[in-house]
Amino acid sequence: MSRFANLPQTHRRAHRVLWPWAAATVAASLALAGRTTAADAASDATAADASAADATAVDAIVVTGVRGGVDRTALTSPAPIDVFGAPQLNATGKVGLKEILNTLEPSFNLPGINGGGTSWTVRAFTLRGLNGDQALFLVNGKRRHTTALINNLAAVGNGGVPVDLDLIPLGAIDHIEVLRDGAAAQYGSDAIAGVVNIILKTGSHGGGASTTIGANYQGDGLTEHEALDYGLKLPNDGFLHLAFDAKHNDAASRAGPTTSTIFGFPTTAPFGTSPLDLTADRYLYGHSYGPGEEAIYSAAYNAELPISRGFTLYSFSTFSYRDSKKNTGSFLPNNSDSLPQVYPNGVNALRRIFEPDFQVAAGVKGLLAGWDMDFSSTFGRDFAYLKGENTINASLGPSSPTSFHLANQIFDQLTSTLDLSRSFNVGLAKPLTVAFGLEHRFEEYDIEPGDPASYAIGNYIIPSGHYAGQVPALGLASYAGTAPADSGSITRQNVAAYVDLGTEPLKNWYLGLAGRAEHYTGGPGDTLSGKVSTRWEFLPGYAVRATISNGFRAPSLAQDIFASATITGLVCPSSGVLQGAPCVPGQFVTRPTKFLPVGSAAAQALGATTLRPEESNNYSVGLTAQPIPRLRLTADAYEIDISNRIVATSNLNLSGANLASSPALSALLIQFPFGFVAQYFTNAVSTTTRGIDVVAAYDLNLHRWGQLDLSASYSYIQTDITRIAGTPPQLSAFGLTLYDRQKQANLTVATPRDKLVLLANWSVGDWRFDLNETRYGPYTEVNSPTDPSLDRTYGAKWITDLEVTRTFPHGVELSLGAENLFDVYPNRVGVVNAQTGAGQYGNLSPFGITGGYYYGRVTVAL
């Protein structure tokens, strides 16, 4: 029986769309592969394609940031670009693409926990100090769709809707190009921080298979990863390269013991009135402090088939399925929502996410009337089925379900592009390259409601015990389902035209000009972007380069209509009044944090306005040098000014009295008698980000002692807020602030200001040694919008990764490695939650909080 057979009807509906695509893909692949003759197959029974290894070289040709004309490398590009080949990706020992980039790219930052809700599944990251959705991600040069899950509870990257990199199979990747420069004039919306282009393998024969198993030093977090890829030859020197990937990791936690009362009262004391507190498991309620359990299965293909008259048909696709499980909230037995008839030991609520995701692209390229032509269409979909397990809607009483469908979140994107380029001799030092093109993009975002029980308001009254006669908190514990009123659908279309010119007016002086005009339906309107780039090689091996550009990022559809609710807790004070409503002193009361759609009446009543596009200006200047053979140096300084950044507001703490005083909010008083915490998206701030990136690489031939490749990469990033919008009078009337000090700190100091990555690869005989030494600079977590005494600064740390590989006959390799070899943890200065024991290492460590990890990997060439 299919593992999907037991899923609810709404989830199976997504698979009815996906499985015909998968079946058609397999059928087409087999049909194309079947046209390869037996002689072709025999002649291709050689070692796997070696292009991935070549991609790591600094003189590898790059395709990101340049269109047509002269081939360029990372060293000769007018803008800074990094290239990471498959051997480098594999040698990190990581099994997720975000973790790999965090290891190799100094301007990339990935906090370890970074919030609750869906934010732990699609962890927010930054590139050059900006949110992940302020960078553009491509696969084979084609725009990748973003996730349907929004980082609404993240600290770093709060409210972002980034591309989910972990849903791209690692075995399919040939190399990755990271353009560290603004490129909206070349590629369109989102390309403010840079462009990451993931290039798939193109081998027409051979491949490889690998199995990796690892675990944390403490024995938890077991990880298993299997990868397989294989190339087949198609007629006319075409190829079909297939890849499959499966990975699973167990949960891990570093929480300490619960230090508050678990069964008895008062809830704030270490031990209360119940003798059960003396024997209670005080480590039961901290499982949310660390990574959750997750399984991802993915597949990909990349194919080209030359046809007549110099044209080539091409297609590529990825398909992934995620099954994740995370403890996202614990409620002790003395919480009024932990009905003892159902949960005598309290509630460890679980959030489940079942997520099929796919991208498929097809196109034709070739020479048309003297122009290099590329026409393609790319469709991507992310379908997230959200479920709550081991939880309860206490307002429905003991008969409440304990498993709930919370919502479906779906994002579709269809992009069609036509690109043309040609070189002309116009009497300059080099021909003039002219590139221009058109793009159309259709996007749709849907939120579908969950089970009625997940958002229902019951009338259960607790019959006995400490809370006798009281009504438990209304709604679902830890999180709430999406009600029909909060569901919805939104679509948008975009049309764009661009022109990109490049030449050398004088010998060794490159000059490039690019411009792009775009029109959006549904709000963002019209935008214009431009870019000037130049490079001058003033001495052999020495050059200066610079770029100036402006760009934009349209609000994501999810940011326009997203709504959600999660649950937090408060203890009723001795006065018996909480947030303007009566309560039992000592009672643990749950209150929701409700994210309001920008266009909703409630958000408008709190001062929300229509979202506008973010606008940016990007400046960079750099130096490249190759003073001696095999030594390459680059240094680039940059500034990125962004106005009207889209951020989530402060946590707007609205009491029951606040709700009662506002006609637009009073309807919520029935559901939230103690009030609630509200948030919405707004263009609240403008920022300036300044940084410098330095890269050095040196290859040393040790002759009989092998080959030693060394590199050092350093990134310094500082973000300052230059403008904060005034607090709307609707909030000022309640004494609230639109964008408080905690939100400001998450934007400016919550990630390391600098990062140094040192890499060494030594190959000698049948042995290979990969050493990675990374220094993460200090960062600060601000844990309260009003109390500076809860601020915590975490010092710089050195993290060592080591992998040793032995090659055996017949293409077999055995690798043993360790990540965080010396078991380094963040400073143990965090603000600890007394009820769960979580927080001792903070939440935003760029290298995680689970300490050392060891693994083994077996690789076989096919």
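Higher on the page you've got the structure.
The shown structure was predicted, so the numbers you read here are calculated from the model rather than taken from an experiment. (Residues numbered from 1 in each chain as written. Predicted model: local features only at pLDDT ≥ 70, side-chain atom pairs only at ≥ 80, totals over all residues. Heavy atoms only, no water.)

1. Notes on the overall build of the chain
Across its full length, the chain carries 11 helices and 40 strands. With 862 residues in all, the chain has 58% of them scored as buried. Counting only carbon and sulfur atoms, one obtains 61% of the accessible surface of the chain, whose full area is about 32,100 Å². (Helix = DSSP H or I, 4+ residues; strand = E, 2+ residues; numbered from the N terminus. Buried < 20%, exposed > 50% of the residue type's maximum accessible area, 1.4 Å probe, protein only. Areas by Shrake-Rupley, 256 points an atom, 1.4 Å probe, with all protein chains shown as cover.)

2. Side note on a nonpolar patch on the surface
Residues L228, Y230, F244, F808, L814, L816, V858, V860 and L862 make up a contiguous nonpolar surface patch of about 730 Å² in total accessible area. Contributing elements (two or more residues each) for the nonpolar patch: β12 (223–234), β39 (812–819) and β40 (853–861). Looking at where F244 falls in the secondary structure, it is placed in strand β13 (residues 238–249). (Patch = residues over 30% accessible without salt bridge, like charges linked within 9 Å, V, L, I, M, F, W, Y side chains within 5 Å. Salt bridge = Lys/Arg side-chain N within 4 Å of Asp/Glu carboxyl O.)

3. Brief notes about the packing of aromatic side chains
Under the definition given, this model contains 17 aromatic pairs. Judged by centre distance (6.2 Å) and plane angle (35°), the ring pair of Y217 and Y854 falls under tilted. Of this pair, Y217 sits in the loop between β11 (206–216) and β12 while Y854 sits in strand β40, and the two are 637 residues apart along the sequence. Its relative accessible area of 33% is what places Y217 among the partly exposed residues. Centre to centre, the rings of W371 and F436 are 5.4 Å apart; their planes meet at 80°, and the pair counts as edge-to-face. Of this pair, W371 sits in strand β17 (residues 371–389) while F436 sits in strand β19 (residues 432–449), and the two are 65 residues apart along the sequence. Within the aromatic cluster, the residues linked to one another by ring pairs are F108, F125 and F137. Positioned above the aromatic ring of Y638 is the side chain of R128, whose terminal nitrogen or guanidinium carbon lies 4.3 Å from the ring centre. For R806, the ring lying beneath its charged end belongs to F808, and the centroid distance is 4.8 Å. (Phe/Tyr/Trp six-rings, centres within 6.5 Å; stacked < 30°, edge-to-face > 60°. Lys NZ or Arg CZ within 6 Å of the ring centre and 35° of its normal.)

4. Quick look at the pairing of strand β34 (residues 754–764)
Alignment of strand β33 (residues 707–724) against β34, held across 10 bridges, turns out to be antiparallel. Of the residues in β34, the one forming a bridge with Q707 is S763. In this sheet, strand β35 (residues 767–776) lies alongside β34 in antiparallel orientation, the contact comprising 10 bridges. Each residue of the ladder has a partner; that of S763, found in β35, is R768. Here β34 hands over to β35 after two residues, with G765 in that stretch at a positive phi of 60°. (Pairing = 2+ DSSP bridges.)

5. A look at helix α11 (residues 741–748)
For α11, the buried fraction is high: six of the eight residues fall into the buried class. For α11, the complete set of buried residues consists of Q742, K743, A745, N746, L747 and T748. The inward-facing, buried residues of α11 contact β29 (631–648), β31 (676–679), β32 (681–701) and β33. Put simply, D740 is the residue that caps the front of α11, since its side-chain oxygen is 3.0 Å from the backbone nitrogen of Q742. (Contact = heavy atoms within 4.5 Å. Polar contact = N/O pair within 3.5 Å; in protein donor to acceptor, adjacent residues only side chain to side chain.)

6. With respect to the pattern of salt bridges
Should their charged atoms come close, side chains of opposite charge can pair. Summed over all chains, the structure comprises 42 salt bridges. R282 serves as the salt-bridge partner of D277, at 3.7 Å between the closest nitrogen and oxygen. The same class applies to D277 as to R282, namely buried. Residue E443 is joined to R492 by a salt bridge in which the shortest nitrogen-to-oxygen separation is 3.0 Å. Placement of E443 in strand β19 and of R492 in strand β20 (residues 488–506) is noted, with a sequence separation of 49 residues between them. A single burial state applies to E443 and to R492, both of which are buried. Each of K98, D164, D166, E294, R322 and E355 takes part in a single network of salt bridges with overlapping partners.

7. Some remarks on the environment of F358
Inspection of the secondary structure puts F358 in strand β16 (residues 347–368). For the pair F358 and L167, spaced 191 residues apart in sequence, the C-alpha to C-alpha distance is 8.6 Å.

8. Remarks on empty space enclosed by the protein
In the structure shown here, the tally under the stated rule is eight cavities of 30 Å³ or more. Size it by volume and the largest cavity reaches roughly 1,000 Å³. Lining the largest cavity are 43 residues, with K94, E99, R123, P291 and T850 sitting closest to its centre. Contributing elements (two or more residues each) for the lining of the largest cavity: α5 (97–104), β13, β14 (293–306), β15 (312–331), β35 and β38 (797–808). Counted by class, the lining of the largest cavity contains 13 nonpolar, 18 polar and 12 charged residues. (1 Å grid on protein atoms, 1.4 Å probe; cavity = no way out; pocket = protein on both sides within 12 Å on 5 of 7 lines; lining within 4 Å. Points joined across faces, edges and corners; volume = space filled by probe spheres on them. Nonpolar A, V, L, I, M, F, W, Y, C, P; charged D, E, K, R; others polar.)

9. Here's the deal with unusual backbone geometry
Even without being a glycine, D190 presents a positive backbone phi close to 90°. Look at D823: it is not a glycine, yet its phi comes out positive at around 55°. Mapped onto the fold, D823 is located in the loop between β39 and β40.

10. Notes on the pairing of β38
Strand residues, when the strand is regular, have side chains that alternate between the two faces of the sheet. Bridge analysis of β35 against β38 gives 10 bridges, and the strand direction is antiparallel. Within β38, the position partnered with T774 by the bridge is I799. Alignment of β38 against β39, held across seven bridges, turns out to be antiparallel. Within the sheet, the bridge partner assigned to V804 lies in β39 and is L816. Linking β38 to β39, which pair antiparallel, is a turn of three residues; within it H810 sits at a positive phi near 65°.

11. As for the sheet that holds strand β4 (residues 108–109)
Taken together, three strands build an open sheet; the order of strands is β4-β5-β6 and the sheet is antiparallel. Since the sheet does not close on itself, it has two edges, and those belong to β4 and β6 (130–131), each with one partner. For strand β5 (residues 126–127) and β6, the ladder comprises two bridges, and the chain directions are antiparallel. Its bridge partner being in β6, T126 is matched across the sheet by N131.

12. Points about the environment of R857
For R857, the location among the structural elements is in strand β40. For R857, a relative accessible area of 8% puts it in the buried group. Sequence-wise, R857 and E226 are 631 residues apart; in three dimensions their C-alpha atoms are separated by 9.5 Å. Residues contacting R857, with those up to four places away along its chain left out, are N90, G93, S210, T211, T212, E803, E813, L814 and S815. There is a polar contact of 3.4 Å between the side chain of R857 and the backbone oxygen of N90.

13. What to know about the side chain of T64
Of note, T64 is situated in the loop between β1 (61–62) and β2 (72–73). Among the polar contacts made by the side chain of T64, one reaches the side chain of E177 at a distance of 2.6 Å. Within polar-contact distance, the side chain of T64 engages the side chain of N197 at 3.0 Å. When near neighbours in sequence (up to four residues on either side) are disregarded, T64 contacts I81, E177, L179, Y187, V195 and N197.

14. What about the sheet that holds strand β8 (residues 142–143)?
The strand order across the open sheet formed by five strands is β3-β9-β10-β7-β8, and the pairing between neighbours is mixed. If you trace the sheet from one side to the other, it starts and ends with β3 (81–85) and β8, each paired once. Both strand β7 (residues 136–139) and strand β10 (residues 195–200) contribute to a ladder of four bridges, which runs parallel. Each bridged residue has a counterpart across the sheet, and for L138 the counterpart in β10 is N197.

15. Focus: the nonpolar core
With 39 residues, the main nonpolar core has Y445, L606, Y680 and F681 as its most contacted residues. Secondary structure elements with two or more residues in this core: β19, α7 (557–561), α8 (601–605), β29, β30 (652–654), β31 and β32. Beyond its immediate stretch of four places on either side in the chain, Y445 contacts A148, Q409, I410, F411, G488, S489, I490, L557, A558, I561 and F562. Counting 37 residues, the second largest nonpolar core, distinct from the first, contains F108, F125, V178 and I717. (Core = buried A, V, L, I, M, F, W, Y, C linked by side-chain atoms within 4.5 Å.)

Shape descriptors only; they carry no functional weight alone.
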